[in-house]
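The chain contents come next:
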Amino acid sequence: MIRVLLVDDHAMLRAGFRAILSTQPDIEVVGEAATGAEGVRLATDLQPDVITMDVQMPDMDGIEATRRIVADPAVAATIAIVTTFDRDEYLFQALDAGAGGFLLKNAGPEELIAAVRALAAGDGILAPEVTRRVLSRFAMSGGASAGSATQSAGSATQGGGPATQSAGSATQSESVLAEPLTDRESEVLTLMADARSNAEIARELFIGEATVKTHVSRVLQKLGARDRVQAIVLAHRHGLTR
């Protein structure tokens, strides 16, 4: 069973999520929280596999709650931010806080169910429109997040020129990896960064899904990434995709 904790200050929305998820034989809603602080406490007490997390809540917002849950080594849950507010600052703050996914509340019931299963299986999930914005942000900033791009620009100015900046970027790309990726792992990471699922990667590379999962695990390990979404962010940030 996939154990799910619902964190949202709207009781009717929690009831709707519970009703949708409870129709599935492999999913069990083990708890509900109306505030971020309560969500942090229940994450420790209930040990869910997946947490759906609202952003704007009293007492503690969902971004801070996510940050605290991810930082707790006793909690292994993966968190999906589920919000009405389709705003870039929430998206990138959520990813930086360690969320494994980002969904909008206008998603259909089947998307919520699929997202819970994907997160429980170790896959990251982003709404399609959100994925495009993530990739666009990295493209506009030259492969870095907004903060990293600013930092790189400052370093380049201090370094004295493009040659120094390029050398620094190369060192950064190498240092993010605990050990080099194999050719196959690089192919898998590139497809992950293109928001492909394990099944799609398997079809693209003509290998089994079990083999894809092994490669994904190795990529996460070498990147030191918490989950698939963080691996995608690191891949774009450090220019590791082909």
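Residues numbered from 1 in each chain as written. Predicted model: local features only at pLDDT ≥ 70, side-chain atom pairs only at ≥ 80, totals over all residues. Heavy atoms only, no water.

A. The arrangement of the overall build of the protein chain in detail. If you tally the helices and strands in the protein chain, you get twelve helices and six strands. A burial count over the protein chain gives 47% of its 242 residues as buried. Considering only contacts in the protein chain between residues 6 or more positions apart, those separated by 24 or more positions represent 65%. (Helix = DSSP H or I, 4+ residues; strand = E, 2+ residues; numbered from the N terminus. Buried < 20%, exposed > 50% of the residue type's maximum accessible area, 1.4 Å probe, protein only. Contact = heavy atoms within 4.5 Å.)

B. Representation of helix α10 (residues 198–205). Those residues of α10 that sit buried are Asn198, Ile201, Ala202 and Leu205. The buried residues of α10 occupy one face: seen down the axis, they fall within an arc of 100°. Where the residues of α10 are buried, they touch α9 (183–193), α11 (209–223) and α12 (228–237). (Arc of directions from axis to C-beta.)

C. View of unusual backbone geometry. Despite not being glycine, Gln47 has its phi angle at roughly 50°, a positive value. Along the chain, Gln47 falls in the loop between α2 (36–46) and β3 (50–53). Residues other than glycine seldom take positive phi values, yet Phe206 does so here, at roughly 60°. Mapping Phe206 onto the fold places it in the loop between α10 and α11.

D. Expanded view of the environment of Met53. Here Met53 is to be found in strand β3. Owing to a relative accessible area of 0%, Met53 belongs among the buried residues under this scheme. Considering only alpha carbons, one finds Met53 and Gly36, 17 residues apart in sequence, at a separation of 8.2 Å. For Met53, the residues in contact, after removing those within four places along its chain, are Val7, Gly62, Ala65, Thr66, Ile69, Ile79, Ala80, Ile81 and Val82.

E. Just the sheet that holds strand β2 (residues 27–33), in detail. Here six strands make up an open sheet; going across it, the order is β2-β1-β3-β4-β5-β6 and the pairing parallel. The open sheet has two edge strands, β2 and β6 (125–126), and neither has a second partner. Bridging between strand β1 (residues 2–7) and β2 involves six bridges; their strand directions are parallel. Looking at the pairing, Leu6 lines up with Glu32 of β2. (Pairing = 2+ DSSP bridges.)

F. A look at the nonpolar core. Counting 29 residues, the largest nonpolar core has Val7, Ile51, Met53, Ile69, Ile81 and Phe102 as the members making the most contacts within it. Of all the secondary-structure elements, those providing two or more residues to this core are β1, α2, β3, α3 (62–71), β4 (78–83), α4 (88–97), β5 (101–104) and α12. Residues contacting Ile81, with those up to four places away along its chain left out, are Met53, Val55, Gly62, Thr66, Ala94, Ala99, Gly101, Phe102 and Leu103. Membership of the second largest hydrophobic core comes to 22 residues, among which are Met192, Ala231, Leu234 and Ala235. (Core = buried A, V, L, I, M, F, W, Y, C linked by side-chain atoms within 4.5 Å.)

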